[in-house]
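Per-entry structural report
Now for the letters of each chain:
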Amino acid sequence: MADKPATPTDRPQWRTLAQHKQELAQTTMRDLFTQDPERARRYLVEGAGLALDFSRNRITDATLSALIELANACGLEQRRSALFAGDIVNLTENRPALHTALRQRRDTDVRVNGQNIVPEIRATLDRMEQLVSAVHAGKHAGHTGKAFTDVVSIGIGGSFLGPKLVVEALKPFWQGNLRCHFVANIDGTDITETLAGLNPETTLFLVQSKSFQTQETLENSLIARQWFVDNGGTKAAVATHFLAVTANVTEATKFGIAPGNIFPMWDWVGGRYSLWSAIGLPIALTLGMDHFRGLLDGAYAMDCHFRDQPAGRNLPVVMAMLSIWYNNFWGAESHAVLPYDEYLKHLPEHLQQLDMESNGKRVTQNGQDVTCQTGPVLWGGVGANGQHAYHQLIHQGTRLIPADFIIPLQSHNRVGHHHAILFANCLSQSRAMMAGKSRTEAEQELIDSGMDVSSAKALAPHKTIPGNQPSNILMMQKLTPQTLGALIALYEHRTFVQSVIWDLDCFDQWGVELGKQIGNEILPLLLGEEKAGSAGDSATDHLIQRFRSANKCP
Ligand code: F6P
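Residues numbered from 1 in each chain as written. Predicted model: local features only at pLDDT ≥ 70, side-chain atom pairs only at ≥ 80, totals over all residues. Heavy atoms only, no water.

**Section: the sheet that holds strand 5 (residues 150–154)**
- With parallel pairing, the 5 strands of this open sheet are ordered in space as 6-5-7-8-9. Where the open sheet ends on each side, the last strands, each with one partner, are strand 6 (179–183) and strand 9 (262–264). Strand after strand, the sheet turns through a mean of 20° between neighbouring axes, direction not considered.
- Relative to strand 8 (residues 242–246), strand 7 (residues 203–208) runs parallel, the two sharing 4 bridges. Counted as the bridge partner of Leu206 is Leu243 from strand 8.
- The sheet contacts of helix 8 (residues 188–196) involve strand 5, strand 6 and strand 7, and relative to strand 6 the element is tilted by about 160°. (Pairing = 2+ DSSP bridges. Helix = DSSP H or I, 4+ residues; strand = E, 2+ residues; numbered from the N terminus. Axes fitted to C-alpha atoms, helices over the stretch in contact; angles between N-to-C directions. Contact = heavy atoms within 4.5 Å.)

**Quick notes on the domain arrangement of the protein**
- When cut into domains, the protein gives domain 1 (8–73 + 309–435 + 469–502), domain 2 (102–294) and domain 3 (510–550).
- The C-alpha centroid of domain 2 is placed 33 Å from the C-alpha centroid of domain 1.
- When domain 1 packs against domain 2, the two sides together hide about 2,000 Å² of surface, and 67% of this comes from carbon and sulfur.
- Where domain 1 packs against domain 2, one counts 6 residue pairs in polar contact (both at pLDDT 80 or more).
- Listing elements by their share of the side of domain 1 that touches domain 2, those giving two or more residues are helix 15 (347–359) and helix 20 (481–502).
- Ranked by residue count, the leading element in the side of domain 1 that touches domain 2 is helix 20, at 9 residues.
- Residue composition of the side of domain 1 that touches domain 2, by class: 9 nonpolar, 10 polar and 5 charged. (Domains from an automatic or database assignment. Buried area = accessible area lost by both parts, 1.4 Å probe. Polar contact = N/O pair within 3.5 Å; in protein donor to acceptor, adjacent residues only side chain to side chain. Nonpolar A, V, L, I, M, F, W, Y, C, P; charged D, E, K, R; others polar.)

**Focus on the sheet that holds strand 12 (residues 403–408)**
- Read from one edge to the other, the open sheet built from 6 strands follows the order 1-2-13-12-10-11, with strand pairing classed as mixed. Sheet topology places strand 1 (44–47) and strand 11 (377–380) at the edges, where each strand pairs with a single neighbour. Between one strand axis and the next, the sheet turns through 20° on average, direction left out of account.
- By the bridge criterion, 4 bridges tie strand 10 (residues 334–339) to strand 11 in an arrangement that is parallel. Residue His335 lies in a different strand from strand 11, and its bridge partner there is Leu378.
- Helix-sheet contacts for helix 17 (residues 418–435) involve strand 12 and strand 13 (471–476), and the interaxial angle to strand 12 is about 160°.

**Thoughts on the pattern of salt bridges**
- Evaluation of the coordinates by the stated rule reveals 26 salt bridges.
- Ionic pairing is found between Lys457 and Glu443, a salt bridge with its closest N-O pair at 2.9 Å. Here Glu443 lies in helix 18 (residues 439–448) and Lys457 lies in helix 19 (residues 453–463), a separation of 14 residues in the sequence.
- Taken together, the salt bridges that share partners define one network made up of Arg106, Asp126, Glu129 and Arg293. (Salt bridge = Lys/Arg side-chain N within 4 Å of Asp/Glu carboxyl O.)

**Description of the site of the ligand**
- The local shell around the ligand holds 14 residues, among which Gly158, Ser159, Ser209, Ser211 and Thr214 are the closest.
- A distance of 3.3 Å separates an oxygen atom of the ligand from a polar side-chain atom of Gln353.
- Separating an oxygen atom of the ligand from a side-chain N or O atom of Lys516 is a distance of 3.2 Å.
- Protein chains shield 86% of the accessible area of the ligand, which is 400 Å² for the free molecule. (Near = heavy atom within 4 Å. Areas by Shrake-Rupley, 256 points an atom, 1.4 Å probe, with all protein chains shown as cover.)

**Overview of the nonpolar core**
- Leu484 and Leu487 are the most contacted members of the largest nonpolar core, which has 116 residues in total.
- The element best represented in this core is helix 20, accounting for 12 residues.
- Summarising the domain contributions, this core has at least three residues from each of domain 1 (8–73 + 309–435 + 469–502) and domain 2 (102–294).
- In this structure Leu487 touches Leu50, Leu344, Leu347, Ile406, Leu474 and Met476, once residues within four positions along its chain are discounted.
- By size, the runner-up hydrophobic cluster in this structure holds 20 residues, among which are Leu195, Leu198, Ala244 and Phe255. (Core = buried A, V, L, I, M, F, W, Y, C linked by side-chain atoms within 4.5 Å. Buried < 20%, exposed > 50% of the residue type's maximum accessible area, 1.4 Å probe, protein only.)

**As for the pairing of strand 7**
- For strand 7, the buried fraction is high: 6 of the 6 residues fall into the buried class.
- Residues Thr203, Phe205 and Val207 point to one face of strand 7 and Leu204, Leu206 and Gln208 to the other, with burial holding for every one of them.

**Overview of the packing of aromatic side chains**
- By the definition in use, this model includes 17 aromatic pairs.
- Ring centres of Phe205 and Trp227 lie 6.0 Å apart, and the angle between their planes is 80°; this geometry places the pair in the edge-to-face category. With a gap of 22 residues between them, Phe205 in strand 7 and Trp227 in helix 9 (residues 215–230) connect regions that are remote in the sequence. When sorted by exposure, Phe205 lands in the same class as Trp227, which is buried.
- The lysine or arginine in question, Lys21, covers the ring of Trp330, its NZ or CZ lying 4.8 Å from the ring centre. (Phe/Tyr/Trp six-rings, centres within 6.5 Å; stacked < 30°, edge-to-face > 60°. Lys NZ or Arg CZ within 6 Å of the ring centre and 35° of its normal.)

Laid out in structure tokens, this is it:
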């Protein structure tokens, strides 16, 4: 057994990187490009239909080697093998994390408690296929015999963000006439506005909850069921109009969902890694099963790439280690994901849960305090819109903000020169972040435009852009089920690699529990079921009182 240091920062490889950062501190990316005309070609890796240009980073070959040495010292290879093999990698919940098994080939053998789980996964896919065909053909129809026109997926967190991202991102691949709607929030506006335009006779509901205990999902499902019954549906017809995806069959059955309409979830799949399971039913219903399988194929291709490629040519490893570099050695506090593709507008939201719920942790796997920063704040939005909003801060603010630009080479919508303009914007942003504009250049530019020297000197500081802001450009030929599957799996593995470096359990999420617990204590106080003034702190008591007065509670 390799020596296990108390924390990641105790490792000699960590100290080497800290020292190396000091040596690189005065070198700019501009210098690096000048020194090496081959840099763009050398810092490009490809896999699973994706290509990553990572040349615009504050790195040299020595940096990459040192980062890979750190990854090796942290046991990346062993931890990755354990992940794929179905070992217990989620230690605090005593479970494997087998999202990779969900996209495995039919003939593979992945064991949990001695049992091969692949046949059950494939059987579930077959059941999904039967349902999708029956709904598309109007054979599984509403209680009055009319074909379904709308699907309402009720779920939150991982039971919502991934499916929503994929459904919206793959609009050019939609099949059939089903429109898919998502309800997640406990704000009554969400379900009210969603149901407002729908016909109960032709609406199919999917209750998506691994636990079947999530307050938001259960409350919204009860409202949906009531709406259905109040608008011509019968209690018996609930069995036709409501399906569930859950690991809690008992509670789903109590809700009134027919056993044949309950699709399984397994405790070895984490919520934020679950879009590949039956939680992907909104995707399969909207896109058809072939495209759903295409999505799985893309993710599988990325799994193979991640498992087999050497660290320096391995997309998730390279991206993860670059993020570690900035987060832990350069003090970056956030990471921007900037898709230059309107279809990917929900990607940052999905990645926020994936990354921040996975790596927003402060103790190592054995419960010791970490001694370095862990997961950065992940944020972002689509380009070019962001350029007219927050890019100012990236270019001239005081913070270091590494960014991933994501762009397909071809668009699904050929409109004038739009895609060339979009691409130009993406390249220009990455270049501007890297090259910036020096004070001298800014001053000279103003003088050349006819400004007098003293005015140019006064204005130049405002027009100076320091540059040296790192970014990756991630490309694909076109956004398809396969490339999207690969892209999402890439970020899943990137998240995992980072957790290995920080020695975190990236598959639990205990931090979200306290808020739920306190919320359950506050609710009866708001409803007047319990005596006001007992919430535990005066600030909460005061606001409970305001709520009760505003809502005329006794
Ligand atoms: O509150 C966080 C969380 O537990 C997520 O991890 C999960 O994806 C989400 O809630 C929904 O959980 P469920 O699918 O059990 O309703």
